[in-house]
Every structure is written in C-alpha cells, then in structure tokens.
Amino acid sequence: MAVGHATSGRLIAVEGTCGPDLAAAAKRLSRGLGDGASGVSAWDASGIFTELAAADPQVARPTTRTLTLLYAADLAFRLRWQIRPALDAGHAVVAAPYVQSAMALGSAAGLPTRWLIELFRFAPAPHVCYRVRERRLRSSVQAASGYLEFFCGAIDAGGDPRQSARLRTRAIDFLDRLERRRRCTPLTA
Amino acid sequence: MSRRDGQRWRELLNRREATRGLLVAFEGPDGSGKTTQRKLFKTWLKAEGREVSTTKWNSSPLIKPLVKARKQARALSPEEFCLLHAADFRYRLETEILPALWAGTTVVADRWLFTALARDAARGLAFDWVLQVYAPIFWPDIVFYFSVAPETSSTRIAATRTPKFYEAGQDITGLDDPFTSYRTFISRVIREYDELAVVFRFVTIDAEQSINEQHRQIRERFQQAERRPWPEWNVEALVDWLSRHPEAPRVVARA
C-alpha cells in the first residue's frame, strides 16, 4: 500500500462540500496548469454511485459507514486508473474531491476520525491541497452532482431532511479547521 | 459520545443480553464443506425450536450487484476487492444481522469477516489495514473453522467446476490456468486461516472427516459452549448501530 510519492508528477487535491463548485474549480485549475496537466480525477469515476443511485428503491439505504467504504473503493479505482498513471508519467493531476472531503463528511456523520484516517491511508498525500469555499448553501443541487449531495440524499431518504443541513454545516466546520491549520489553501469557487 | 450516553447504551445492552440471538459463523476455504454443514446445523437448530436466519458472504441486495459486475469484468484491484466486500459486510451487519440478533434470532453466517482477513492478506494487503477497514469489529459467539488441506480443497473444487477468476486468485498469481492458480492461491489462504484459527480461538472441525461425524461434533461443541455476554469489542459496533436506530430500544421494552 503506497503512501508516499516515488514519481515526478504532482497530485493536487481540491476539497469542498459543493459538488458543482468543486467540479468547476478543478476544471479551471487543470486548464491553468497547461500541457503539464493530465486532467481531473472526479468522484464516481468507477460508476459505483451511479449504479447505487439506480438500485431498487425498496432496498434499505446504505448507512454512513457503508457509503464511506464505497467512496474509498471509488478512490482506489481513481488512484489505479487516473491518478497514479498520471503521476508516473510526470504529469500534474487534479483530484476533486480527494480524501479530506470524505473525511469531513464521515466525521460530520459521527464516524471516528481515527477510523477515517486508517481507512484512507492507502491514498498518497497530495503535494498541494486546495479548499473551495462555499459561496452559499444551495439546497436545490441534484444528488448526482457531487459526493456530499449524494451522501445527504441517501441520508435524507431515511426521513429527516434537516439532517443533511446539519451534516453540511459540520463538514464545512471540519474543512474550516483544516484551513486554519494551514493544511489546505482556500480557492474561490 | 458523552459518558452518560455510553452508560445508557451499556445498560440497554445488559438488559438485552438474556434474550439476544446468538451469532454462529462457519468459516473455511472453498471446498471445505462448510455450506453443507451450515445447512444441517440450521435444520437442527430449527428442530430445536429456535428462530434462525442465515447470512451469506457478499449477498446484500445493494452491494452484491456492484461486486458481481466488477468481478465479471475482472476490474478489481486487491484494495477495491477488499473495500467493496467490506461495504457489503457492513451493510448486511447493520441492516440484517444486528436487527436479527437484537430481536432474538440466531444468525448462522456462511463466512464472516475472517474470510476477508484470510483472502485479503493472501492478496498481499496489510493485515492491520484490513482489520481497520472492518472496524468496529463484531465478533461471533462461536466460529466453526472447517480445516482441509489445500490438495483436498483443490480436488473437491476441480471435481465440480472451474474456479472463477478471483476465486482462483488469478488477479495476483498471474497464472492463466485457473486450476493451477487455485492451488497456489488456496494454499496461501489456508495458511492465513490456520493462523487466524489459533489467534481467534476458532472451533476447528477436521473437514476431511465424514459429513455425519462433522455434524455430530458441531452439535456437541455448540451445546457445550457457554452463553457469554456480548464480547467487549462488540460494544462499539452495537452502540454505533443503536445510536443510528432510535427505534431499537423499543424492541427491548417490548421484550
């Protein structure tokens, strides 16, 4: 399980809680890198969540821990097919979202931080981490537009829609703390 | 969780202790005959008047289709293989197994997380990472381990079918012939299982014996096993589940 970097490429993580803003910022960042960039590695490259969304609605919804494990499986896919090959070729690759967005959401949902750190230890640390600040809380975004939106949609299906608002607030707090500790740099959406 | 909350959950668990269901796991390599024994055991338990349900490895209605499609495409790395099976396990634990145990049903599991520990370690993943992926750990009351030699497992499998790509471990052996690959891979898996059996104190059944003799031993060992409280390491998983299912304590009140 690789944790460090043995390549000449650069891994740029873009974290945040709003899927559409994250995607737009990642695309802009990748364009700005010019020829040295190999593109954006986005959430659900493996199609796991697309398939999950199409599952029989009668089946019980996934729990927060199950969703986090599935995100980790999707990230393992992205690392194998998108991120590591780009790094090995000496390119810069933008991963949006990467580890911290899932950590923020898992932590907001009450999962132990220690478990989240251990779970994602297979993912190499990024060379640089940006955080897309939320312009405002959008309530109308589609569940398919980002991981947080999907996660909240799955949780909402359990009944209380206020739960997703609380989750988002806590996830933003997590990223705010990260920013204060200078573990990520703010990026305007 | 506050200390007060922790105490409240523990009191709930203690009150449920006497009526909770038992979790019995059947573990072992492919071709060890554990499915046959699991069926015989379930029939016997039912005849004894117990409420019994079965849970099988990689069988959740939500995650199984995802795993199946990726296995067919031979598209899984060891990490993805591990994480998807862990998601399936967690989903079944939280939506099927814990509710059944809480309601007093005996759950017979055809494979438990030890299957993942043995297979994933045989695939070269770090044991401690795999254990963390499955945390919080939920331990069965009793684990029957069906011990066979790699040759026996290989012969029994070859007599009935061609092992599938991941079953044969072809993703890591790199061997084209599924039978040769299976023999290599299952030897590694059995080595891991044998170590787990010692560390986690499985009840080892010599699966080279006759079906009747194995079944007799299983009954005997099950009857001898004392009813013990939930193991301490199960508390975290139980509290985690209870805190997300506020309706569960009402089941206690009715019991």
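The paragraphs below set out a description of the structure included in this document. Keep in mind the model is a prediction, meaning the values are calculated, not measured.

This part covers the nonpolar core. Core analysis: the biggest nonpolar cluster contains 114 residues, and A:Phe120 and B:Trp112 have the highest contact counts within it. Among the elements that take part in this core, helix H4 (residues 78–102) of chain B stands out by supplying 14 residues, more than any other. In contact with A:Phe120, not counting residues within four places along its chain, are A:Thr68, A:Tyr71, A:Ala72, A:Leu75, A:Val99, A:Ala102 and A:Met103. Listed in part, the 17 residues of the second largest apolar core include B:Phe41, B:Val203, B:Ile218 and B:Phe222.

It is worth spelling out the state of the cysteines at this point. Residue and element names in this part refer to chain A. Following the criterion strictly, the structure yields zero disulfides over all chains and no others. This cysteine, Cys152, is not joined by any disulfide, and Cys18 carries the nearest cysteine sulfur, 11 Å off. For Cys152, a relative accessible area of 7% gives the class buried.

We now examine the packing of aromatic side chains. Here the structure, examined in full by the defined rule, presents 32 aromatic pairs over all chains. Measuring from centroid to centroid gives 5.9 Å for B:Phe41 and B:Trp44, while their planes differ by 40 degrees, and the two rings are tilted. Of the two residues, B:Phe41 and B:Trp44 are both situated in helix H2 (residues 34–47); the distance of three residues between them amounts to about one turn of the helix. Judged by its relative accessible area of 9%, B:Trp44 is buried. Feature note: the residues A:Trp43, A:Phe49, A:Tyr71, A:Phe120, A:Phe122, A:Tyr147, A:Phe150, A:Phe151 and B:Trp129 constitute an aromatic cluster, connected by ring pairs.

In this section: the environment of A:Arg78. Residues and elements named next belong to chain A. Note on placement: Arg78 falls in helix H3 (residues 64–88). Distance from Arg78 to Ala45, taken between C-alpha atoms, is 6.4 Å for residues 33 residues apart in sequence. Sequence-distant contacts of Arg78, defined by excluding residues within four places in its chain, comprise Ser41, Ala42, Trp43, Ala45, Tyr71, Ile83, Ala95, Ala96 and Pro97. Reaching out from Arg78, the side chain makes a polar contact with the backbone oxygen of Pro97 at a distance of 2.7 Å.

Criteria and thresholds
Residues numbered from 1 in each chain as written. Chains lettered and ligands numbered in written order. Predicted model: local features only at pLDDT ≥ 70, side-chain atom pairs only at ≥ 80, totals over all residues. Heavy atoms only, no water. Core = buried A, V, L, I, M, F, W, Y, C linked by side-chain atoms within 4.5 Å. Buried < 20%, exposed > 50% of the residue type's maximum accessible area, 1.4 Å probe, protein only. Helix = DSSP H or I, 4+ residues; strand = E, 2+ residues; numbered from the N terminus. Contact = heavy atoms within 4.5 Å. Disulfide = S-S within 2.5 Å. Phe/Tyr/Trp six-rings, centres within 6.5 Å; stacked < 30°, edge-to-face > 60°. Polar contact = N/O pair within 3.5 Å; in protein donor to acceptor, adjacent residues only side chain to side chain.

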